[in-house]
Amino acid sequence: MKKEAEVIVVGGGPSGIAAAGALSSLSIPFILLERADCFAPLWQRHAYDRLHIHLPKHTCQLPHMPIPDDWPKYPPKSLFVQYLQRYVSHFRINPVYNRSVESAHYDDASGRWHVAARDVSAGCGSEGAAVEEYSARFLVVATGESCNAFVPEVEGRGSFGGKAMHSTEYKNGKEFAKKKVLVVGSGNSGMEIALDLADHGAITSIVVRSPVNFVTREMLNWAVALLKYLRFPWVERLTMMASRLWFGDMSKFGIPKPEEGPFTMKMKYGKYPLVDVGTCKKIRSGEIQVLPAVKCIKGNEVVFEDGRSHSFDAIVFATGFKRPTKQWLKVKEEDCLLNDDGIVKPSCPNKWKGKNGLYCVGLSRRGFLGATLDAQGVANDIKGLL
Ligand SMILES: Cc1cc2nc3c(=O)[nH]c(=O)nc-3n(C[C@H](O)[C@H](O)[C@H](O)COP(=O)(O)OP(=O)(O)OC[C@H]3O[C@@H](n4cnc5c(N)ncnc54)[C@H](O)[C@@H]3O)c2cc1C
Ligand SMILES: *[C@@H]1O[C@H](CO)[C@@H](O)[C@H](O)[C@H]1NC(C)=O
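Residues numbered from 1 in each chain as written. Chains lettered and ligands numbered in written order. Predicted model: local features only at pLDDT ≥ 70, side-chain atom pairs only at ≥ 80, totals over all residues. Heavy atoms only, no water.

You'll find the protein chain entered in an unreviewed UniProt entry as Flavin-containing monooxygenase, with Rhodamnia argentea given as the organism. UniProt, in the comment section headed Pathway (unreviewed entry), describes the protein chain in these words: "Plant hormone metabolism; auxin biosynthesis." (UniProt positions renumbered as here; feature names shortened; annotations may be inferred.)

See below:
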């Protein structure tokens, strides 16, 4: 039997929870479908132990509930999860867990969205019975920028005899003391995991292929504050100068020098600025070795683009994520607000509204703050249409 709702929210991460909170506070009924069996699984299960929020807490709070004043400015993962727990209880958000959405389409005749979700807790024997049908006037996509872990095809990857994992499986460096570990990927996760490995006594290397703009948390804060007074190119120039003074010339250590500033790179390529929490110092001291792109893997030996090769006991792929949203969200190309990569198209004016009651939250690369703004926009828009 089809379950009916006013709104269906897909995804129970911080963005989906934010949407639920905003809807709830306007008394709009909804059903939230989450494929995992807990809320925010990325934060509860698939993040490394030492993770802290990178931006000041007031930019990471969800609608209508501040993060407590007496909490640290940059809360650790465990506190942030506690905040989410309070949020979910306060707004009485009851996600339907173990539901993986497999298709969604809009039906012109009924003016409703039809959503099919697989009950992943049901054994695989019961094929048909495990798929449930839902329908709603509005559909909110909140499946995250970090939806599915992605590991690139590297020639010979299967031949690697050591331990290989994605950054979402990495907890801490305890088991890697004295082991030779290669981190592939130099975004925020890769850089911090390399630091954690080195702190735990692993012989650590990191692959850095493209230019990196290092900033400190403070530089990021200042930049955001300065944007109120100065034009963007000036703020970017000042940030790059500060970065250069603070971190020095990192190209000596194998990190390509950036031609473009951190915010330009964010806008053009969707790359988040690299908030350094101590990795640079260890790169400068030689505790963390920087290596170029991987060419291929032969058993425990990894061959790099410059011809060097080293053997490793473990590889951590901090190589990001893919978003298969377009595979299940069946909409005409001109109707959709997401590109093929599952990110909001730059041409979309408000970053969250599509056609026929389709919305998304947290898919425009603006972190928690963006998700919170999206969620409030979506809830208010739906309220106006009801
Ligand atoms: C390590 C790390 C640290 C970060 N730190 C910060 C930070 O300090 N500040 C900041 O602003 N941002 C940060 N971000 C970026 C971003 O804010 C987080 O990724 C945040 O978790 C995004 O929330 P979300 O709900 O959009 O996505 P997610 O947390 O990924 O949640 C999406 C949810 O949708 C579910 N889902 C996906 N597909 C389906 C489907 N088909 N059916 C049902 N459910 C589905 C998933 O299981 C998941 O629970 C960080 C990201 C990472 C990876
Ligand atoms: C989700 O499914 C797992 C089994 O796959 C089960 O152990 C768990 O209790 C289920 N959770 C919920 C909330 O239904």
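K.L.:
Mind showing me how you'd approach the site of ligand 2 here?
P.N.:
Every residue near ligand 2 is listed here: Asp37, Tyr97, Asn98 and Ser121. Contact distances for ligand 2 include 2.4 Å between an oxygen atom and a side-chain N or O atom of asparagine 98. For ligand 2, the protein covers 40% of the area, taking 360 Å² as the surface of the free molecule. For the shell around ligand 2, a count of residues per class yields 1 nonpolar, 2 polar and 1 charged. (Near = heavy atom within 4 Å. Polar contact = N/O pair within 3.5 Å; in protein donor to acceptor, adjacent residues only side chain to side chain. Areas by Shrake-Rupley, 256 points an atom, 1.4 Å probe, with all protein chains shown as cover. Nonpolar A, V, L, I, M, F, W, Y, C, P; charged D, E, K, R; others polar.)

K.L.:
Teacher, can you tell me more about the pattern of salt bridges here?
P.N.:
A pair can form between side chains of opposite charge whenever their charged atoms are brought close. This structure, assessed with the given rule, holds 17 salt bridges. The shortest N-O distance in the salt bridge between aspartate 119 and arginine 99 comes to 3.5 Å. With aspartate 119 in strand 4 (residues 112-119) and arginine 99 in strand 3 (residues 99-107), this pair connects stretches of sequence that are 20 residues apart. A single network of salt bridges, built from pairs that share partners, joins Arg50, Glu192, Asp196, Asp199, Lys282 and Glu287. (Salt bridge = Lys/Arg side-chain N within 4 Å of Asp/Glu carboxyl O. Helix = DSSP H or I, 4+ residues; strand = E, 2+ residues; numbered from the N terminus.)

K.L.:
Looking at this structure, how should I read the nonpolar core?
P.N.:
Across soluble globular proteins, nonpolar side chains have a tendency to be buried as a group. Among the nonpolar cores identified, the biggest contains 76 residues, and Tyr83, Val140, Phe214 and Ile382 are the most heavily contacted of them. Sort the elements by how many residues they give to this core and helix 3 (residues 77-90) lands first, with 7 residues. When sequence neighbours within four positions are dropped, the list of residues in contact with tyrosine 83 reads Cys60, Gln61, Leu62, Met65, Pro66, Ile67 and Trp71. Among the nonpolar cores identified, the runner-up in size contains 24 residues, and Ile8, Ile31, Cys336 and Leu338 belong to it. (Core = buried A, V, L, I, M, F, W, Y, C linked by side-chain atoms within 4.5 Å. Buried < 20%, exposed > 50% of the residue type's maximum accessible area, 1.4 Å probe, protein only. Contact = heavy atoms within 4.5 Å.)

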